[in-house]
Structure formats: C-alpha cells, structure tokens
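Analysis of the macromolecular model
Residues per chain, in single letters:
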Amino acid sequence: MTASEEDPVEVQEPSAIDSEMVPDSIRDSLTSSIRSAPRRFSSWTSGKVRSSGSWVKGGITRFIGFFRNPVANSRQAASQIRTRSKSGWRQLRREMDSLTWVQLIGVIAVFALFLIIPLLSVVWTSFTDSDTGVFTLQHFIRLFNDSNIWPWVYNPVTGNTDFFANLTPAIYDPDLNLLVIYGWDLGGVLNSIYVAILVTIFSVILGVFFAFIVARYDFFGKKVIRTLLIFPILATPFVGAIGIKEFLGADGFINKLFEPIRDILNMVLLPLGAPIPAIWLRGLAAIIFVQSLSFFSLVYLNAYSSFMSIDPSLEEQAENLGAQGLGLFRSVTFPLAMPGVQAGAILTFILSIEDLGTPIVFQDHVSARNTLAFQVFNNVATQAGGLDPKGPTIGILLLVFALVGFMAIRKYTALRSYDSGTKGGQWNPRTRRISRKATTLLYCLLVPLLFLALIPQVSVIVLSFAGTWSTDSLLPDVWTLDNYQVLWAYPDVTQSIYLTLIYGAIATVVIVLLGASAAYLIARRDIPGKTALDLLVTSPIALPGIVIATGYFTLFYNTPIFPVGGPAFLIIMSYTVRKFPFTVRAAYAGLMSTPVVLEEASQNLGASRNRTFFKITMPLIGVSVLAGSLLSYVYSVSEVSTSLILGSVGREQAPMTFWTAEILDMTGQYGGANNAACLGVLMMALQMAVITVTTKILGARSSAITGI
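Residues numbered from 1 in each chain as written. Predicted model: local features only at pLDDT ≥ 70, side-chain atom pairs only at ≥ 80, totals over all residues. Heavy atoms only, no water.

**Quick look at the overall build of the chain**
Within the chain, the secondary structure is distributed over 31 helices and 7 strands. Out of the 708 residues belonging to the chain, those deemed buried represent 49%. Summarising the internal contacts of the chain: among those between residues at least 6 apart in sequence, 76% fall at separations of at least 24. Here the chain has roughly 33800 Å² of accessible surface; of this, 64% comes from carbon and sulfur atoms. (Helix = DSSP H or I, 4+ residues; strand = E, 2+ residues; numbered from the N terminus. Buried < 20%, exposed > 50% of the residue type's maximum accessible area, 1.4 Å probe, protein only. Contact = heavy atoms within 4.5 Å. Areas by Shrake-Rupley, 256 points an atom, 1.4 Å probe, with all protein chains shown as cover.)

**With respect to the packing of aromatic side chains**
According to the stated counting rule, one finds 32 aromatic pairs in the structure shown. Consider the rings of Phe658 and Trp659, whose centres lie 5.8 Å apart with planes at 85 degrees: the pair is edge-to-face. With respect to burial, Phe658 and Trp659 carry one shared label: buried. Members of the aromatic cluster, connected to one another through ring pairs, are Phe212, Tyr217, Phe307, Phe329 and Phe334. Here the guanidinium or amino end of Arg282 rests over the ring plane of Trp280, the centre of that ring lying 4.9 Å away. (Phe/Tyr/Trp six-rings, centres within 6.5 Å; stacked < 30°, edge-to-face > 60°. Lys NZ or Arg CZ within 6 Å of the ring centre and 35° of its normal.)

**Things to note about the side chain of Lys256**
With respect to the secondary-structure elements, Lys256 resides in helix H9 (residues 253-257). No salt bridge is formed by the buried Lys256. Its closest oppositely charged neighbour is Asp251, at 6.3 Å. Of note is the side chain of Lys256, whose polar atom sits 3.0 Å from the backbone oxygen of Asp251. Apart from the residues lying within four places of it in its own chain, the contact partners of Lys256 are Asp251, Trp469, Ser470, Thr471, Asp472, Ser473 and Leu474. (Lys, Arg positive; Asp, Glu negative; His and termini not counted. Salt bridge = Lys/Arg side-chain N within 4 Å of Asp/Glu carboxyl O. Polar contact = N/O pair within 3.5 Å; in protein donor to acceptor, adjacent residues only side chain to side chain.)

**A look at the pairing of strand S3 (residues 170-173)**
Inspection of the sheet shows S3 paired to strand S4 (residues 178-181) by 4 bridges, in the antiparallel sense. Across the sheet, Ala170 pairs through a bridge with Ile181, a residue of S4. The hairpin turn running from S3 into S4, its antiparallel successor, is 4 residues long, and Asn177 in that turn takes a positive phi close to 50 degrees. (Pairing = 2+ DSSP bridges.)

**Topic: the packing of helix H11 (residues 283-308) against helix H13 (residues 325-354)**
In contact at an axis separation of 8 Å, H11 and H13 are set at 140 degrees when each is read in the N-to-C sense. In terms of orientation, H11 and H13 fall into the oblique class. Between H11 and H13 lies a crossing whose hand is right-handed. Along the contact surface, H11 presents Gln291, Phe295, Leu298, Val299, Asn302, Ala303, Ser306 and Phe307, while H13 presents Phe329, Thr333, Ala337, Gly340, Val341, Gly344, Ala345, Leu347, Thr348, Leu351 and Ser352. Here the contact of H11 with H13 is composed, by residue class, of 11 nonpolar, 8 polar and no charged. (Axes fitted to C-alpha atoms, helices over the stretch in contact; angles between N-to-C directions. Parallel < 35°, antiparallel > 145°, perpendicular 65-115°, else oblique. Left-handed = near helix turned anticlockwise from the far one by under 90°. Nonpolar A, V, L, I, M, F, W, Y, C, P; charged D, E, K, R; others polar.)

**Section: the pairing of strand S2 (residues 160-163)**
The pairing of strand S1 (residues 152-155) with S2 spans 4 bridges and is classified as antiparallel. Note on S2: the bridge partner recorded for Asn155 is Asn160.

**Side note on unusual backbone geometry**
The phi angle at Asn177 is positive, at roughly 50 degrees, despite the residue not being glycine. By secondary structure assignment, the location of Asn177 is in the loop between S3 and S4. If you check the backbone angles, Asn558 has positive phi at about 65 degrees while not being a glycine. Assignment of secondary structure puts Asn558 in the loop between helix H24 (545-556) and helix H25 (568-578).

**Brief notes about helix H7 (residues 222-230)**
Lys222, Ile225, Leu229 and Ile230 are the residues of H7 that are buried. End-on, the buried residues of H7 take up no more than an arc of 145 degrees, which puts them together on one face. Opposite the buried face of H7, at more than 90 degrees from it, the exposed residues are Lys223 and Val224. (Arc of directions from axis to C-beta.)

**Some thoughts on the environment of Val649**
Along the chain, Val649 turns up in the loop between helix H29 (641-647) and helix H30 (656-665). Of the residues examined, Val649 reaches a relative accessible area of 2% and is grouped as buried. Along the sequence, Val649 and Val564 sit 85 residues apart, while their C-alpha atoms lie 7.1 Å from each other.

**Digging into the pattern of salt bridges**
Under the criterion given, the structure shown has 9 salt bridges. Note that Arg578 is salt-bridged to Glu354, the shortest N-O span being 3.6 Å. Residue Arg578 is found in helix H25, and its partner Glu354 is found in helix H13; the two are separated by 224 residues along the sequence. Residues Arg578 and Glu354 agree in their burial class; the two are buried. Between Arg651 and Glu662 there is a salt bridge, with the nearest N and O atoms lying 3.0 Å from each other. Of this pair, Arg651 sits in the loop between H29 and H30 while Glu662 sits in helix H30; the two residues are 11 residues apart in sequence, bridging distant segments of the chain. For Arg651, a relative accessible area of 30% corresponds to the partly exposed category. Exposure remark for Glu662: the relative accessible area of 22% places this residue in the partly exposed category. One continuous salt-bridge network, built from bridges that share partners, spans Glu354, Arg578, Lys579 and Glu639.

**Description of the sheet that holds S4**
An order of S3-S4-S6 is seen for the 3 strands of this open sheet, with the pairing classed as mixed. In the strand order of this sheet, the two ends are held by S3 and strand S6 (278-281), each with one partner. Strand-to-strand twist across the sheet, computed as the mean angle between neighbouring axes with direction ignored, equals 20 degrees. Bridge analysis of S4 against S6 gives 4 bridges, and the strand direction is parallel. Each bridged residue has a counterpart across the sheet, and for Leu179 the counterpart in S6 is Ile279.

**Examining the packing of helix H4 (residues 98-127) against helix H22 (residues 491-524)**
For the pair H4 and H22, the least separation of the axes is 9 Å and the interaxial angle reads 115 degrees. By the criterion of interaxial angle, the relationship of H4 to H22 is roughly perpendicular. The hand of the H4/H22 crossing is left-handed. For the pair H4 and H22, contact is made by Thr100, Gln103, Leu104, Gly106, Val107 and Val110 and by Leu514, Ser517, Ala518, Tyr520 and Leu521, respectively. Each residue belonging to the contact of H4 with H22 can be placed in one class, and the counts come to 7 nonpolar, 4 polar and no charged.

**Re the confidence of the model for the chain**
Looking at the chain, the pLDDT average stands at 79 and 80% of residues meet or exceed 70. The secondary structure element of the chain with the lowest average pLDDT is helix H1 (residues 16-21), at 39, and the one with the highest is H25, at 94. The model gives residues 1-27 a pLDDT under 50, and that stretch makes 17 contacts with residues more than four places away or in other chains. Note that residues 414-426 has pLDDT below 50 and, in this model, 22 contacts with residues that lie over four places away or in other chains. (pLDDT = per-residue confidence, 0-100.)

**Considerations on the side chain of Arg262**
By the secondary structure assignment, Arg262 is in helix H10 (residues 259-269). Buried charge Arg262 goes without a salt bridge, the closest partner of opposite sign being Glu259 at 4.9 Å. Not counting residues up to four positions away in its chain, the partners in contact with Arg262 are Asn255, Ile276, Pro277 and Ala278.

**With respect to the nonpolar core**
Membership of the largest hydrophobic core comes to 172 residues, with the highest contact counts inside it found for Val537 and Ile546. At 16 residues, the largest contribution of residues to this core is made by H11. Sequence-distant contacts of Ile546, that is, excluding residues within four places in its chain, are made with Leu356, Ala373, Val376, Phe377, Leu398, Ser641 and Ile645. (Core = buried A, V, L, I, M, F, W, Y, C linked by side-chain atoms within 4.5 Å.)

In structure tokens form, the structure reads like this:
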C-alpha cells in the first residue's frame, strides 16, 4: 500500500503539552508568566477556598450527625477507640523489646522535657496574666500597640490609627557622594517577614544557579568550585556579619575596591548629572545582604542533590518532543528538582526570621533592632534574669512562622527522601563537557559571584589579621597575629572556648545515643505513632532556638537545673535538642542504604534483637553515625541564639559565641571587631575541617549537612 492509499491522517493543532515543549525566548517566557500570573493566583485561591469549604462542610456534617444519635455514635466511637488501642498495643508488643523500650522512652523523655514542655511554657506565659494566672490576650494587645513591633497603632485620644513607619529606604549625601541604604522600617513583624522573603529570593537565585552549573556541566576547576561553594555555610551569619560590617562601611574595602572604576564612570556621567555614589549598607539592608550570602548554600546543597537524582530518561524524552534550553529547564528539569529547592528555600526563610546574631551586629541602626528575634533577646536576656512577658509573646509569633514553614517542608520533602538520593546511583547524571572558550566565559560569570558569596568569610579572615588600617588604604597597613592573643591572654575567652568544646562533646554523646536509637525506631520498627516520632525528632532544625531558650527561662529559671548564674546544664541540653536532627538523618540514611536482610540473618541464626543491634546494625551504620555526630558537634560549637540568651545570665559559664558578641562591643586591648573576628576564624576552621570530613563520609547523602 502506498502512502496515498493509507487512511488519511488528521492533522491536529499542537496540544498544550506539546506547546510547552517548544523552546521559548526569555522575553516570551517572561511575558507569558506575567500575563498568566493573575489567572494562576485566582485558580490557586479558588482551589484553596473550595478545599477549605469541603473540609468545613464535612466537619459540620459529622458534628450534626453525631448529635442526631449521640448515644449510638458515642458507643461506636468508643468501640473504634478500643479496637485501635488493642491493635496498637498488639503491634507494640510484637515490635518492642527491652532495648527498644529504653530507646523510645529516652528519646521521648528528652524531647518532652527540653523541647515540648518549654515551648508550651512560652505559650502559657503569653496567654496568661502573671499575677492572676487567668487567660488573657492583653500581652498580644500591648504587643501590637508597640510601634517597634507593628506600624499601625490605635490612638485612643484621637480615635484614629496612627502609622509609624520609615518608608525612606535610603539617604543620599551629595557632599560625600554616599548612598546609605537601610531599608524600610515597618516594625518588627513586617520587617522580619519582608527581610526573610528577600533573603529567600536571593538565596534561591544564587543556590539554584550554582547547583545547576555544577550538576550539569563538566569544566576545568569544577572540584575547586564545589569546595568553595561549601564555604558560605561554614560560619553563621553572626560571624560573617562581623567582617562584612567593616567591609561595607562608607570607607570600607568594597567602596575602596571599586573607587577607581567609580571615579572613571563619574567623569563620564557627571555632565549628565548622575554620578555613581559609594554605597553603605546599614540596618535591614545589611541584614539582607549578610543572610543571603550565608544561607544560599542551603538551597545549593539541596538543589544540587535534586538535580543529581533526576532520571536522565525524563529529560531525554522531553528533548525528543522538542524541548531545548530554557524550555527544557523550565518545563522538566526545574519542576523535578523543585522538592529540594522548596525545602532549602523554606528552611532559609525560617532561619532568616529567627537569626539573632546579625541584628545584634548591626544594631547601631534602629531598623536592625526592630526585628522579632532582637526584640525577644532584648526582653528576655538580662543579667538579673528578668522576664518581660513581651519576650515570650513575640516568641509565639516566631514559633508560628517556624511551624508553618516546617509543615511546608514536610509536604515537599521528608526523612525518607534519602531513598531517592541513594537510588540516584542507578544512572549517570546528565553532564555536558564544555569547551575552553565556554569555560572562560563561565568563569567570567562565576568568579564575581563567588567573590560576592565569599565576602563574609574573607572579610572575617582579613579583619582578624589586620593591624592599623588607614581610611584611604584598600588593605590593612599592617598585618599582625597580635589579635589572636585574645584566644589565650583573655581569661574569660579562654575559658569560654574550653567550656564550648566540653558542652559540644557532652551534647554529642547524648545525641549519638539517642539519635541512633530514634533513627533505628523509625527505619526498622513498625510501631504506632512512628510518623509523629519522625516529626518530633526532625522539628528542632526549623524551630527558633531563641524561643526554646525563652521556654527554659519561663519553665526552669531559678530551679536546681537552671540556678541563677548557672546555665551550663541547659546550654548542653539546648545543644542536644537543637542539633539532634543532623545525627538522626545521617543515621537514618545509613539504615536505608543497609539491607535489612543482614539483620534478619543474624536473628535467624539465634541472635537476639539487642545483640543484633549492637553487633550488626551499629557497625554497619557506624560511619554514617560518625558523620552525623561530627556535624552535630560542630554546629553545637557555633550555636548562637541559645548561647547568647542563656549565657547572658551566667557569664562565667557562657560559651564562645556569647563572648564573641561581648568582645565585639568592648573597647580596649581585647575589644573590637578585630579580636571578635579571631573567634569567628576559630569557629570557621573547626567547621571547615568537620564538614570536609563529613562530606567525604556521607557522599551523595550530603543533604544531611542541612538537616533536611
């Protein structure tokens, strides 16, 4: 049969899916996205309203149905509860033994006493009158009548709502040709929200860009780039802010570095009346800059893992259908990597809101003090141990943001996400070898971005070695090691380093014992409530440490475990709870990549569960537990929020991060930014060593570094 004799084939217009595979120009993509944004938002909103309406309708129906025949329904409910309880109890008896009971009780006891109950104590303090113990909303009413927290304040005299905000984000000084940027000051709540949103946006842009380049292209020096991209996670924003504050000043390194270029451009632009000014970041603008450069690595690590775990056949099929370049990335690659990107972005949002160290460094501008984290610190941390209800009340707001974000993380990625990561070895990720010319062009883009990303670390290192530094000099006039004398010549700092290492070591021992147990229960035991246990042990990564520390004040202060001037025990327990997820996730990753048949074989040969756990399971996952424990240790040593708050009521027992903040504000031989930077370098060096070792150990499971 010839072609003309075949049945006629109907030619159809390309479907919506086919058209999605056709590569678009960047302009067309942006135009389409902008035009469709209102429709997508309307569709999303209507969908949420419909689902919420269905949920409410179902609840009302069940409520009415219950009261139509309450006796029968009560008996039916009681019968269901008894049936589930008996089934759950039988399942527990089948799965549990003496060791497993000890493991479960130990994990629940620690988290109940040092996480759940303190958080409930914060809630109780926020909603009760301190004198009568009666439920009240007065603390929240007073909070939202504070212009430092909320910009719209009701004026009972005039009957109007006054608006307190600084809507001038920058000031230009024509005499100095200096532009001072500090951002809008809208009060603590809105400041924290919009700062976190901007930090998340910038972090996602940088993180996804670097992750895609490293995951999809092979080029000379790629291993060096990968190593450098881990550096931003080495130090907390608190440490990076110490150096950046000096580098971003009116006469700082950045302005001096670009001064010759700015002068040349101004010679051309001055006749046009548009000179390029020097820029000084202060307040909220500086916080956004510091946090973006510190947190984008969280997005990078998770996005990189997602890009590497994508099945190449999915992209190849899209290419066969006509997708190329930006169209392929937009319609296939990026959506497949979205879980990792979303998890990193949400965690960045949470950590930005709860970050305390950066606002403390830039508190010389009022807008930095008008953040939720700083306001909690300002109303909780006092040498006398006083507690203003305003602190816990603000803590509730932080807790709400954190819980909403954490539940969003759980929606897109869970503890079991390691399954897909380990399966990534089934295929070779799609990578493209680029030419020397393309590599040169790529480096022209990567080098400036890497320079920008590494400013926090570089600035701290330079500052620690700087001696005299004249205002017209790009680099210090004198380089010196004298600044490092603060580590051994100042007794309080020396003791704080010693105590910090001990606190971290003790916390790590507890974390290893309980973390391996929790991971084993989740991975190897089918017990009722396993999902809740999973949620409990991974939640501290997203819960504000400043709120947990506030709970220790409201619950334990002036008791035997938290005596006046003696916060050491609770500092250790805060490290234990806060850094628990790192070991749990690493141990769980090891268990998921270890065949369960090895443990079953041991039991078939007569070994008990306890003996199998210690002789078979633990040796098999020992490397993963070691890697997780190293991470827990190094992040305990660099913990900021709980260290600053708890250390404020016991300076003799305060850890290193507390004394870093103290030295930063001090004057004299051992005071100032140079000496504080030395402590920052010490923390960075410790973190670099541990993270390098851990990355080698964990390999593809390196997302455990972020706790996600």
